[in-house]
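Secondary and tertiary structure notes
Residues per chain are reported as follows:
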Amino acid sequence: MAELSIERLSLSFGGLAALSDVDIAVPAGEIRGIIGPNGAGKTTLLNVVSGLVRPTEGEIRLDGQPLTRLKASEVAARGVGRTFQTSLLFKGMTVLENVMAGMHQGLRASVLGAAIGLPGVLREERQARERAREALAFVGMLSFAERDGASLSFGQQRLVEIARSLVAEPKVLLLDEPAVGLSPPRVAELDELLRRIRDKRGITIIMVEHVIRLVMGVCDRITVLNSGRKIADGTPDVILADPFVKEAYLGKSPDADRA
Ligand SMILES: Nc1ncnc2c1ncn2[C@@H]1O[C@H](COP(=O)(O)OP(=O)(O)OP(=O)(O)O)[C@@H](O)[C@H]1O
């Protein structure tokens, strides 16, 4: 299990401070929620951690090793996985192939090698398939393996996207609004899936989410951002009782009771 620390992180877009001096320490094996009103900087935070955007200042460390100046592919190779707020699966590819696309470079090369019939790679390709099938079973989507990825509902695609991130065997998984498009019973299943990802796979989870019932139910701790600043950090009970949080987020946001 791995710990992730974010230290004094700041990022400005032109004159706008999207993140200001943000400190977040996520211990190994924790499920951490990141909440805040629209435009608070939550997705920007995930973009900086995953190496898609360079911070103006600050440091990000995985088990003490700096990630801050690495490219996104290098951050992924160190063990930081990611799903996106609105991403869709590749069209014209089956669900299984979509999951296989999440594997590391070496395995992807062998999948390509198998496609053009290179000797010696067929066994590896079978193993890659097996791993992808196992990840699909883990998220409860194995029966969709041979369907076209684009034919799935948005919520189902989000689950497949989680499977795709799992085949890379991340140490830390960043999830951007994984509950979007899920009905309440599916949200309850996602709650259970997140716990299994942590408990069975030993993955630390950092989740940006607006569905408050999910965040309060599954997260060990919650960090609240508002206008790029951290305004609170604590257990769900502490966050629910915090008057600043109520005012900045829970009281005002139409999303607060969306679940
Ligand atoms: N590439 C960019 N260029 C300029 N400004 C940006 C860029 N990305 C984000 N911003 C701005 O940074 C601020 C934080 O945006 P961000 O998307 O991180 O918020 P968020 O908390 O994820 O919001 P939401 O809940 O709506 O997804 C916003 O004011 C946004 O307009």
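Nothing here was measured: the structure is a model prediction, and the numbers come from that model.

Definitions and limits used
Residues numbered from 1 in each chain as written. Predicted model: local features only at pLDDT ≥ 70, side-chain atom pairs only at ≥ 80, totals over all residues. Heavy atoms only, no water. Helix = DSSP H or I, 4+ residues; strand = E, 2+ residues; numbered from the N terminus. Buried < 20%, exposed > 50% of the residue type's maximum accessible area, 1.4 Å probe, protein only. Areas by Shrake-Rupley, 256 points an atom, 1.4 Å probe, with all protein chains shown as cover. Core = buried A, V, L, I, M, F, W, Y, C linked by side-chain atoms within 4.5 Å. Domains from an automatic or database assignment. Contact = heavy atoms within 4.5 Å. Pairing = 2+ DSSP bridges. Axes fitted to C-alpha atoms, helices over the stretch in contact; angles between N-to-C directions. Near = heavy atom within 4 Å. Polar contact = N/O pair within 3.5 Å; in protein donor to acceptor, adjacent residues only side chain to side chain. Phe/Tyr/Trp six-rings, centres within 6.5 Å; stacked < 30°, edge-to-face > 60°. Lys NZ or Arg CZ within 6 Å of the ring centre and 35° of its normal. pLDDT = per-residue confidence, 0-100. Salt bridge = Lys/Arg side-chain N within 4 Å of Asp/Glu carboxyl O.

Further remarks concern the overall build of the protein. Summing up its helical and strand segments, the protein has 10 helices and 10 strands in all. Expressed as a percentage of the 259 residues in the protein, the buried residues total 53%. Entry remark: accessible area of the protein is about 11900 Å², with carbon and sulfur atoms responsible for 53%.

Counting 48 residues, the largest nonpolar core has Leu136, Leu190, Leu194, Ile197 and Leu214 as its most contacted members. Of the domains in this structure, domain 1 (4-89 + 168-250) and domain 2 (92-151) are the two that each give at least three residues to this core. Residue contacts for Ile197: discarding those within four places in its chain leaves Phe138, Ile162, Leu166, Leu173, Gly202, Ile203 and Ile205. Among the nonpolar cores identified, the runner-up in size contains 26 residues, and Leu19, Val22, Val80 and Ile206 belong to it.

Pairing in this open sheet of four strands is antiparallel, and the strands run 2-1-4-5 from one edge to the other. Because the sheet does not close on itself, it has two edges, and the strands there are strand 2 (16-26) and strand 5 (65-66). Running over the sheet, helix 1 (residues 42-49) touches strand 1 (4-13), strand 2 and strand 4 (57-62) and is turned about 115° from strand 1.

Close to the ligand lie 13 residues, the nearest being Gly39, Gly41, Lys42, Thr43 and Thr44. Here an oxygen atom of the ligand sits 2.8 Å away from a polar atom, N or O, in the main chain of Gly39. Contact between the ligand and Ala40: an oxygen atom at 3.0 Å from a main-chain N or O atom of the residue. Considering the ligand on its own, with 640 Å² of exposed area, one finds that the protein chains cover 60% of that surface.

One open sheet accounts for six strands, arranged 6-7-8-3-9-10; its pairing is mixed. Each having just a single partner strand, strand 6 (80-82) and strand 10 (229-234) make up the two edges of the open sheet. When strand polarity is set aside, the average angle formed by the axes of neighbouring strands in this sheet is 20°. As paired strands, strand 6 and strand 7 (residues 172-176) are joined by three bridges and run parallel to one another. Looking at strand 7, one finds that Arg82 is bridged to Leu174.

With that out of the way, let us pick up the pairing of strand 3 (residues 31-35). Strand 3 sits mainly inside the fold: five of its five residues count as buried. Every second residue of strand 3 is oriented toward a common face, with Ile31, Gly33 and Ile35 on one face and Arg32 and Ile34 on the other, all of them buried. In terms of strand pairing, strand 3 meets strand 8 (residues 204-208) through four bridges, oriented parallel. Considered in strand 8, the bridge of Arg32 is made with Ile206.

With respect to the helices and strands, Asn98 occurs in helix 3 (residues 95-100). Within the local environment of Asn98, its side chain forms a polar contact with the backbone oxygen of Met93, the two atoms lying 3.4 Å apart. With residues up to four places along the chain from it excluded, the contact list for Asn98 reads Leu89, Phe90, Met93, Gly149 and Arg164.

Tallying each qualifying case throughout the model produces zero aromatic pairs. If you follow Arg196 out to its NZ or CZ, it ends over the ring of Phe138, 4.6 Å from the centre. Note that Arg201 overlies the ring of Phe138, its terminal NZ or CZ placed 4.2 Å from the centroid.

What follows is about the confidence of the model for the protein. Looking at the protein, the pLDDT average stands at 89 and 89% of residues meet or exceed 70. Looking over the protein, one finds the lowest element-wise mean pLDDT in helix 4 (residues 105-115), namely 58, and the highest in strand 8, namely 98. Contacts for the low-pLDDT stretch residues 253-259, under 50 throughout, to residues beyond four places or in other chains number eight contacts.

In total, this model carries 14 salt bridges according to the counting rule given. The residue Glu161 makes a salt bridge to Arg158 at a minimum N-O spacing of 3.3 Å. One end of the pair, Glu161, and the other, Arg158, are both in helix 6 (residues 154-166), three residues apart, so they sit about a helical turn from each other. Here Arg158 falls in the buried class, since its relative accessible area comes to 2%. The partner of Asp233 in a salt bridge is Lys230, with the nearest N and O atoms 3.3 Å apart. Classification of Asp233 by relative accessible area gives partly exposed; the value is 26%. Overall, Lys230 belongs to the partly exposed group, its relative accessible area being 33%. One network of salt bridges, with partners in common, ties together Glu30, Arg32, Arg221, Lys230 and Asp233.

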